[in-house]
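Here are the chains, one letter per residue:
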Amino acid sequence: MRPIFLLLILITGCSPAVQPAQQEAVPYSVEELQRRTFNYFWETTDSLNFQVPDRYPTLTFSSIAATGFGLGAYIVGVEKQYVTREAAADRTLKTLQVLWNLPQGPGETEVSGYKGFFYHFLTLDKAHRFKTVELSSIDTGLLMAGILSAMSYFDQDNEVEKKIRETADALYRRVEWNWMMNDSTTMSMGWHPEKGFIPAQWKGYNEAMVLVIMAMGSPTHPIDTSSWSHWCATYSWAAFQGEENVQFDPLFGHQYSHVWIDFRGIQDAYMQAQDIDYFENSRRATISNRNYCVANPMGAKGYGPYCWGLTACDGPGGGQRQVDGKPWEFFDYRARGAASIQIIDDGTIAPTAAGGSYAFAPALCDSTLQYMWNTYYQDLVGPYGFKDAFNLTYTDEQHPSGWFDVDYLGIDQGPILLMIANQQSGIIWNVMKKNPYIVAGLKKAGFKGGWLESK
């Protein structure tokens, strides 16, 4: 999994248990969920540097990936009429201008990025590198996906939207994707000024599809066209819980690239050989994740057909404990998931697992979100929609009914909002179909068919 969860394990812990005040329950509707989730990005983003906080209300640092999701969220906000186009354009331009002007360089401190890439987490005040986090390839990729969505959406002939397009284009063209390959056939996960490139590399299948596609589509610093075949060569195709698909255990890996790219009906050589597309692959992964939770081999409390979803998220922590005479190990932030290659299950469910898969299986995901919202409203839902996660198996004096997170996480809020919007109108997908760099990257990767044939 990405450095997102690896670093969070190291530098964050569980938020302190807080008993939420009783709130008047609002029945679930997908519209209510969307509006509240949008407000996370609109209301918690810094008013000076316009970076999106990694989490809230616990304030630690901003996340460049969350800022990427935020740029997509502003588009949804316009389309849903939560904010005016003018307000969203103003916010977007200010975000891009800050990113462009943040200091770049090889130093260890007082910088925000290097060679067009950005550090994974930035400080809340100056938006400089947080502690010793890595220059992140995937988080820069998710940021750039949001930047390209802004570039293609704001297409009107006025000064603000012209500047959005120009600045977005400049930010993308500045990224030296080929440098991050470190003379290898697959891309490094990142770089530290203190010790160089991270040995771990992006190998399929996971959330980095959009990263590789954007890197191949760059007109300034592209990676080699053979990169896609090297990526696909590391896939693991197998059956799990009644579904055959490319295996990756946490659901976010089947969601993030699909937030930005409509893979319905387009195929690379690998998917053509399997006679499906990546959208169907993610649908199957969603179903198998649900099937695993329904089967519930660990005996976790609360799992069922309307309460499922293993992915990267917060957790109760606590390490090894006995529950009803059975040993359990509880984790803090970690990538949880279930697939043939690995199972990580400590009883923690994340609403973003179903929310981020909404476009793949809307009826199943909507019924799950409705159940979790209406059943656990007082502990799990707040002004910005779903808190990040909950665990009914973990109980103690502070959590007699189970552990519920107090935080929202930007990288988990984004997929909920954007994938529901994609299912409803295809807004982000359609915007990105107009982006020349996305189209170029897909074609270099060998994708054919569907909507790509008209490009």
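Residues numbered from 1 in each chain as written. Predicted model: local features only at pLDDT ≥ 70, side-chain atom pairs only at ≥ 80, totals over all residues. Heavy atoms only, no water.

### A closer look at the overall build of the protein
Link 1 in the chain: In terms of regular secondary structure, the protein is built from 18 helices and 22 strands.
Link 2 in the chain: Over its C-alpha trace the protein gives a radius of gyration of 21 Å, about what one expects of a compact globule, namely 23 Å for 455 residues.
Link 3 in the chain: Seen through its C-alpha atoms, the protein measures out along the principal axes to roughly 60 × 50 × 45 Å.
Link 4 in the chain: For the protein, long-range pairs separated by at least 24 residues make up 69% of all intrachain contacts whose partners lie at least 6 apart in sequence.
Link 5 in the chain: Summed over all atoms, the accessible surface of the protein reaches about 15,900 Å², with 49% contributed by carbon and sulfur.
Link 6 in the chain: Charge-centre separation for the protein: the mean point of 35 positive side chains lies 4 Å from the mean point of 48 negative side chains. (Helix = DSSP H or I, 4+ residues; strand = E, 2+ residues; numbered from the N terminus. Rg over C-alpha atoms; globule rule 2.2 N^0.38 Å. Contact = heavy atoms within 4.5 Å. Areas by Shrake-Rupley, 256 points an atom, 1.4 Å probe, with all protein chains shown as cover. Lys, Arg positive; Asp, Glu negative; His and termini not counted. Charge placed at Lys NZ, Arg CZ, Asp CG, Glu CD.)

### Focus on the pattern of salt bridges
Link 1 in the chain: Taken as a whole and assessed by the stated rule, the structure comprises 19 salt bridges.
Link 2 in the chain: Between Asp 262 and Lys 433 there is a salt bridge, and its shortest N-O distance comes to 3.0 Å. Placement of the pair is Asp 262 in the loop between α10 (256-260) and α11 (269-274) and Lys 433 in helix α17 (residues 427-433), with a sequence separation of 171 residues. As far as the burial class goes, Asp 262 and Lys 433 line up, both buried.
Link 3 in the chain: Ionic contacts of the salt-bridge type, sharing partners, join the residues Asp 54, Arg 55, Asp 314 and Asp 407 into one network. (Salt bridge = Lys/Arg side-chain N within 4 Å of Asp/Glu carboxyl O. Buried < 20%, exposed > 50% of the residue type's maximum accessible area, 1.4 Å probe, protein only.)

### Quick notes on the side chain of Asn 391
Link 1 in the chain: Mapped onto the elements, Asn 391 comes out in strand β20 (residues 390-391).
Link 2 in the chain: Here Thr 393 takes part through its backbone nitrogen, which lies 2.9 Å from a polar atom of the side chain of Asn 391.
Link 3 in the chain: Setting aside anything within four residues of it in sequence, one finds Asn 391 in contact with Pro 316, Phe 330, Asp 346, Gly 347, Thr 348, Gly 402 and Trp 403. (Polar contact = N/O pair within 3.5 Å; in protein donor to acceptor, adjacent residues only side chain to side chain.)

### Focus on the packing of helix α2 (residues 30-44) against helix α3 (residues 64-79)
Link 1 in the chain: At their nearest, the axes of α2 and α3 sit 9 Å apart, and the two run at 115 degrees to each other. Where α2 crosses over α3, the two elements pack in a sense that is left-handed. Mapping the contact onto sequence places Phe 38, Phe 41 and Trp 42 in α2 and Ala 66, Phe 69, Gly 70, Ala 73, Tyr 74 and Gly 77 in α3.
Link 2 in the chain: Here the contact of α2 with α3 is composed, by residue class, of 7 nonpolar, 2 polar and no charged. (Axes fitted to C-alpha atoms, helices over the stretch in contact; angles between N-to-C directions. Left-handed = near helix turned anticlockwise from the far one by under 90°. Nonpolar A, V, L, I, M, F, W, Y, C, P; charged D, E, K, R; others polar.)

### Some words on the sheet that holds strand β6 (residues 135-136)
Link 1 in the chain: Judged by pairing direction, the sheet is antiparallel, and its 3 strands sit side by side in the order β6-β7-β8 without closing on themselves. Because the sheet does not close on itself, it has two edges, and the strands there are β6 and β8 (196-197).
Link 2 in the chain: Pairing of β6 with strand β7 (residues 190-192) involves 2 bridges; the strand directions are antiparallel. Looking at the pairing, Ser 136 lines up with Gly 190 of β7. (Pairing = 2+ DSSP bridges.)

### Considerations on the confidence of the model for the protein
Link 1 in the chain: Looking at the protein, the pLDDT average stands at 95 and 95% of residues meet or exceed 70.
Link 2 in the chain: Confidence drops under a pLDDT of 50 for residues 1-20, and excluding neighbours within four residues, the segment shows 61 contacts in the predicted structure. (pLDDT = per-residue confidence, 0-100.)

### Re the nonpolar core
Link 1 in the chain: Counting residues in hydrophobic clusters, the biggest one holds 116 residues, and the most contacted among them are Trp 177, Trp 228, Tyr 235, Trp 260, Tyr 278, Leu 442 and Phe 447.
Link 2 in the chain: Residues in contact with Trp 228, not counting those within four places in the same chain, are Met 209, Val 212, Ile 213, Met 216, Tyr 235, Asp 268, Tyr 278, Ala 445 and Phe 447.
Link 3 in the chain: Ranked by size, the runner-up nonpolar core spans 41 residues in total, among them Tyr 28, Tyr 292, Phe 386 and Phe 404. (Core = buried A, V, L, I, M, F, W, Y, C linked by side-chain atoms within 4.5 Å.)

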